[in-house]
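Read off the chains here:
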Amino acid sequence: MTGTRTATAIAHPNIAFAKYWGKRVGDGNFPAVPSVSVTLRGLSTQTTVAFREGLTGDRMMLDGAVADDAVLARMTAMLDRVRAAASFALFAEVTSANDFPTASGLASSASGFAALALAASRAAGLDWPADKVSDLARRSSASAARSVFGGFVELDAGPVAPTADDSLAARVVARADHLDLAVLVCVTSEGKKSVASTAGMRATAERSPYYATWLAEAPQIAARLKAALVAKDFDALGELTEASTFAMHASAMAAGVLYLRGATIDALAAVRELRGQGVAAYATMDAGPHVKVLVKTGDVPRATAHLAAVQGVLRVLDARPGDGAHIVDGANATAAASAT
Ligand code: PMV
């Protein structure tokens with residue numbers, strides 16, 4: 001391949017109902033438990049990858065600034081896989097921007113690595129179906145495998161023992177319009193998270209007396225949750241979402257990995273107050289202090305007002321189910337193959 005090959009992709013963050021927490025032993029970045037999520041619209045990462053002659057290394061601009069070494073190393077690891085698959089050796093210039101603040105409480109690694117996987121594979125001339133793009137994304141960030149697809153998405157746990165086929169992709173459970181749902185993101189802090197998810201997972205696996213219980217419980221929660229989602233049983237989906245997040249945080253907390261802050265607990269209490277008033281509202285938290293609240297769209301104004309009044313809740317974002325990663329050609333966007 002000669003000259004410049006370039007592609008631009010957009011991807012959106014996702015929120016897990018059934019959490020991925022913990023990795024299989026080994027370096028394949030396989031999740032230890034299955035997860036179920038919803039991809040959100042309205043918030044996006046846009047990434048352009050340009051493989052060029054004459055570059056002496058990969059370069060990356062992230063939100064207008066030169067990416068730090070840790071981010072560059074993770075990106076280069078993905079680009080190396082793409083270069084190996086496409087059998088060429090050109091370095092790339094990568095420009096990536098989020099239209100939501102990094103401290104918005106929504107993981108930018110999921111949308112970031114989903115957009116990078118799609119843009120890099122297309123720029124390299126690999127016309128991969130969405131499941132191969134998802135597998136590529138999963139090797140950098142398992143939650144990113146889910147953002148390749150739109151709507152409601154699942155990702156299995158990785159194999160217990162190494163297998164010849166080391167691929168693992170997410171898949172669609174239901175389209176974005178399957179369920180009447182809004183996710184209200186209660187932002188409780190502008191700072192970066194205290195412990196990155198990979199480090200938090202490692203500490204939990206090494207030190208938590210409850211990690212084995214989490215590994216045993218999580219697949220059962222995920223299976224029941226998926227069934228509730230398919231059946232459009234909003235309350236069962238909400239209750240199982242809370243069961244997953246509390247089990248994840250309890251196992252992490254027992255290893256000293258603490259993401260919840262005072263405002264997190266106060267927002268959780270407000271969610272229970274809403275339920276006490278007859279509003280179907282259910283909470284989930286990831287590797288940070290923010291609370292994401294599942295409500296039906298008709299309850300958004302009332303729930304938003306109640307949550308925004310909590311001291312320590314800085315703002316409430318209203319996010320809805322949306323599309324998977326897609327390529328942007330100038331002003332035209334085309335859906336990634338087989339992604340909804
Ligand atoms: O894929 P990572 O490394 O960003 O980990 C995601 C972990 C959680 O957000 C806490 C749970 C999940 O399934 O998204």
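Residues numbered from 1 in each chain as written. Predicted model: local features only at pLDDT ≥ 70, side-chain atom pairs only at ≥ 80, totals over all residues. Heavy atoms only, no water.

K.L.:
Account for the nonpolar core, with residues named and values stated.
P.N.:
In this structure, Trp21, Val49, Phe51, Leu79 and Val94 are the most contacted members of the largest nonpolar core, which totals 58 residues. In terms of residue count, the dominant contributor to this core is helix 2 (residues 108–123) (9 residues). In terms of domain composition, this core takes at least three residues from each of domain 1 (4–177) and domain 2 (182–321). Discounting chain neighbours no more than four positions away, the residues touching Trp21 are Val33, Ser197, Gly200, Met201, Thr204, Tyr211, Trp214, Met248, Ser251, Ala252, Tyr259 and Ala287. Val38, Phe152, Ala174 and Tyr282 belong to the second largest nonpolar core, which has 30 residues in total. (Core = buried A, V, L, I, M, F, W, Y, C linked by side-chain atoms within 4.5 Å. Buried < 20%, exposed > 50% of the residue type's maximum accessible area, 1.4 Å probe, protein only. Helix = DSSP H or I, 4+ residues; strand = E, 2+ residues; numbered from the N terminus. Domains from an automatic or database assignment. Contact = heavy atoms within 4.5 Å.)

K.L.:
How would you summarise the packing of aromatic side chains if you had to cite specific residues and measurements?
P.N.:
For any pair of aromatic rings, the description consists of the separation of the ring centres together with the inter-plane angle of the planes. If you walk through the whole model with that rule in mind, you get 4 aromatic pairs. Look at Phe17 and Phe152: their rings are 6.2 Å apart centre to centre, the planes differ by 25°, and that puts the pair in the stacked class. Taken together, the residues span a long stretch of sequence, with Phe17 in strand 2 (residues 14–18) and Phe152 in strand 8 (residues 152–155) at a distance of 135 residues. Accessibility assignment for this pair places Phe17 and Phe152 in one class, buried. Geometrically, the ring pair formed by Phe234 and Tyr282 is tilted, given 6.3 Å between the ring centres and 50° between the ring planes. Of the two residues, Phe234 sits in helix 7 (residues 234–253) while Tyr282 sits in strand 11 (residues 282–284), which places them 48 residues apart along the sequence. Assessed through its relative accessible area of 7%, Phe234 is described here as buried. (Phe/Tyr/Trp six-rings, centres within 6.5 Å; stacked < 30°, edge-to-face > 60°.)

K.L.:
Can you tell me about the site of the ligand, naming the residues and giving the values?
P.N.:
Around the ligand sit 14 residues, and of these Tyr20, Ser141, Ser143, Arg146 and Ser197 come closest. In the model, an oxygen atom of the ligand is placed 3.0 Å from a nitrogen or oxygen of the Tyr20 main chain. Take Ser197: an N or O atom from its side chain is 2.9 Å from an oxygen atom of the ligand. Protein contact buries 94% of the 390 Å² of open area that the ligand shows by itself. The set of elements that each furnish at least two residues to the shell around the ligand consists of helix 4 (142–147) and helix 5 (197–207). If you tally residues by element for the shell around the ligand, the top one is helix 4, at 3 residues. (Near = heavy atom within 4 Å. Polar contact = N/O pair within 3.5 Å; in protein donor to acceptor, adjacent residues only side chain to side chain. Areas by Shrake-Rupley, 256 points an atom, 1.4 Å probe, with all protein chains shown as cover.)

K.L.:
Any details on the domain arrangement of the protein chain? Residues and values, ideally.
P.N.:
Along its sequence, the protein chain is carved into domain 1 (4–177) and domain 2 (182–321). Of the roughly 2,800 Å² buried between domain 1 and domain 2, counting both surfaces, carbon and sulfur atoms make up 72%. Scanning the region where domain 1 abuts domain 2 turns up 2 salt bridges. Between Lys19 and Asp286 there is a salt bridge; the shortest N-O distance is 2.8 Å. The interface formed by domain 1 and domain 2 holds 8 residue pairs in polar contact (both at pLDDT 80 or more) in total. Where the side of domain 1 that touches domain 2 is concerned, the elements lending two or more residues are strand 2, strand 3 (35–41) and strand 8. Tallying contributions element by element places strand 3 first for the side of domain 1 that touches domain 2, with 5 residues. Considering only residue class, the side of domain 1 that touches domain 2 consists of 19 nonpolar, 4 polar and 4 charged. (Buried area = accessible area lost by both parts, 1.4 Å probe. Salt bridge = Lys/Arg side-chain N within 4 Å of Asp/Glu carboxyl O. Nonpolar A, V, L, I, M, F, W, Y, C, P; charged D, E, K, R; others polar.)

K.L.:
I'd love a proper account of unusual backbone geometry, names of residues and values included.
P.N.:
Phi is positive for Ser87, close to 55°, though the residue is something other than glycine. Among the secondary structure elements, Ser87 is positioned in the loop between helix 1 (69–86) and strand 7 (91–98). Of note in the backbone geometry, Lys232 takes a positive phi value of approximately 60° without being a glycine. Here Lys232 lies in the loop between helix 6 (211–230) and helix 7.

K.L.:
Explain the pairing of strand 5 (residues 59–62) to me, and be specific about the residues and the numbers.
P.N.:
Pairing geometry for strand 5 and strand 7, over 4 bridges, is parallel. Pairing of Arg59 across the sheet is with Glu93, part of strand 7. As paired strands, strand 5 and strand 6 (residues 65–66) are joined by 2 bridges and run antiparallel to one another. In the sheet register, Met61 faces strand 6, and the bridge partner there is Val66. (Pairing = 2+ DSSP bridges.)

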